[in-house]
Structures are given as C-alpha cells and as structure tokens.
Amino acid sequence: MCIQKENYVKKTPKTTSYYTFFYIIFQVIGLLLLYSVYYWIIHFRGGFSLTNAKLIPNWHPLFMSIVLIYLFANAVLHYRLFRNTKQNLKNQHAIFFGCIISIIMIAGLATLNSYRFRPLFTNPAIPNLYSLHSWLGIITFSMIVLQFISGFWIYLYPKVAAQYREMMMPYHVFFGVSSFALAIVSGGLGFCEKIIFSLGKGYEQLPAEGIVGNCLGLLCIFYGGLVVYMVTKPEFKRDPAATEYQPLIGQH
C-alpha cells in the first residue's frame with residue numbers, strides 16, 4: 001500500500017528563494033542564541049565544570065538550548081529543507097527525535113540530581129519541580145515523548161492504513177508545533193528564573209547580566225516565532241519528489 005498523494009502548493013523559484021532567505025536567518029539566529037547562552041555562562045556565571053559543584057548546573061541552560069530549542073527547531077523544519085523519499089525523511093525524523101529525547105532525559109536527570117549541590121547557593125536548598133518553568137518543561141517533554149510514540153506507530157508501523165495516517169497528520173503537526181512553542185516558552189522562563197536566582201535583588205538595578213538575560217529571552221521568542229512561521233506557511237511546504245510515494249517499511 002502506498003501513501004496517498006497530499007495537496008501541495010506549487011513552489012516557484014521566487015518562493016524557494018524566500019524560503020532559502022528565511023532558512024539562512026533561522027540558522028544564524030539559532031547559532032547566535034547558542035553562542036549567547038555560552039557567552040552568558042562563561043562571562044557571568046563562572047563557566048562550566050564536571051567536578052566543581054557550583055558550576056555543574058550551568059550545563060543545563062546550554063544543553064537545553066541546544067537540544068530543546070535549536071535541534072528541535074531543525075527537526076521540525078526537516079521536511080521543509082531536505083528533498084528525499086518521504087519514507088527516508090520519516091526515518092530521519094524519528095531518529096532525530098529519538099536522540100533529542102535521550103539527551104533531554106540525561107540533562108533532566110542531571111538537573112534533578114543537582115539538588116544535593118543547592119545548599120552551596122541557598123540555605124535551605126531550592127526544591128525541585130515547583131516553578132512554572134519546570135512544570136512546562138515536564139509537559140513539553142511528555143508531549144514530545146507521546147508525539148514520538150504515536151508518530152512511530154502511525155507513520156512507521158506498516159499495518160496502519162494510509163487513510164488513518166492522512167487523518168492524523170493535522171493533529172500530529174498541531175501537537176508538534178505546540179510542543180515546540182511550549183519549549184520556547186519554557187526556555188524563556190528558564191533564562192528569567194536563572195537570572196533572578198543568580199542576581200537576587202540586584203536584578204532590579206538591571207546590570208549587564210540582567211540585560212544579557214533579557215536579550216536571551218527575546219531572542220528565544222523571536223527564534224520560535226520564525227520557526228512557527230516557516231513551518232506553517234503553505235508556500236514553504238516541500239513539493240513531492242517523483243519517487244516519494246514508496247511502500248512503507250515492511251510492506252511489499
């Protein structure tokens with residue numbers, strides 16, 4: 001059984017040029033965001049360490065920015081950029097998100113384990129999982145996992161009929177974009193939370209670190225808005241290749 005052909009908006013050279021322009025901006029802003037997080041930690045938070053208890057939590061904002069914002073954004077736009085058979089793109093998409101989930105689990109466990117280091121900063125230690133940032137992080141991660149499981153079953157499992165795949169696609173896209181939007185909101189709240197905990201009342205004076213933190217939040221939100229625009233604009237949807245409609249895995 002083959003995948004039924006979807007309705008596509010025909011791309012013109014001008015549309016392709018626009019997408020290329022936006023994609024370049026997308027990559028530049030994403031890399032700028034990662035560099036800015038790295039700069040902030042190095043110049044204001046003392047850098048990174050695997051042995052210094054005070055510096056171990058600094059890995060969290062950097063790795064979450066890489067995985068939950070930058071890599072997630074690239075995974076969302078994967079279908080828009082690469083021209084390959086749809087089945088290969090599905091496999092790559094699944095592998096991409098499998099890696100993202102694995103890294104988030106490691107980073108999340110490291111963050112929860114950092115509870116024993118927190119008396120070095122505050123006394124009593126700040127508890128886990130009480131803030132809106134942590135709640136949104138858990139919800140985002142749960143949605144990504146559910147998306148991964150449901151997407152694997154619907155789009156890679158050979159016994160699911162093609163009409164069900166087509167019916168579920170709008171929901172898959174909606175919850176995927178929603179998960180990414182939550183990741184952006186969670187990231188912005190995370191930057192704000194770390195700045196507040198680090199500066200305390202000094203944040204009210206808007207020091208240099210406070211300005212950098214605010215700019216990180218704005219850059220994160222702008223980046224998320226750009227990705228949502230690119231993934232929802234019909235003209236940017238990829239045209240099907242001639243060999244796109246191949247049998248699914250395991251079907252002959």
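Residues numbered from 1 in each chain as written. Predicted model: local features only at pLDDT ≥ 70, side-chain atom pairs only at ≥ 80, totals over all residues. Heavy atoms only, no water.

- Naming follows an unreviewed UniProt entry, where the chain appears as Cytochrome b561 domain-containing protein of Aphis glycines.
- What the UniProt record of the chain gives under Cofactor (unreviewed entry) is the line "heme b". (UniProt positions renumbered as here; feature names shortened; annotations may be inferred.)

1. Describing the pattern of salt bridges
Piece 1. For the structure on display, the rule yields 2 salt bridges.
Piece 2. One salt bridge in this structure joins Glu209 and Arg45, with 2.7 Å as the shortest N-O distance. Note that Glu209 is positioned in helix H7 (residues 208–232) and Arg45 in the loop between helix H1 (13–44) and helix H2 (59–76), a separation of 164 residues in sequence.
Piece 3. Taking relative accessible area as the criterion, Arg45 reaches 23% and is therefore assigned partly exposed.
Piece 4. For Glu235, the salt bridge is made with Lys233, and the minimal N-O distance between the two is 3.6 Å.
Piece 5. With relative accessibility at 24%, the residue Lys233 sits in the partly exposed group. (Salt bridge = Lys/Arg side-chain N within 4 Å of Asp/Glu carboxyl O. Helix = DSSP H or I, 4+ residues; strand = E, 2+ residues; numbered from the N terminus. Buried < 20%, exposed > 50% of the residue type's maximum accessible area, 1.4 Å probe, protein only.)

2. Focus on the packing of helix H6 (residues 162–199) against H7
Piece 1. Where H6 contacts H7, the two axes come as close as 9 Å, and the packing angle between them is 180°. Taken together, the axes of H6 and H7 lie roughly antiparallel to each other. Two secondary-structure elements touch here, H6 through Val177, Phe180, Ile184, Gly188, Phe191, Ile195, Ser198 and Leu199 and H7 through Glu209, Gly210, Gly213, Leu216, Gly217, Cys220, Ile221, Gly224, Val227, Val228 and Val231. (Axes fitted to C-alpha atoms, helices over the stretch in contact; angles between N-to-C directions. Parallel < 35°, antiparallel > 145°, perpendicular 65-115°, else oblique. Contact = heavy atoms within 4.5 Å.)

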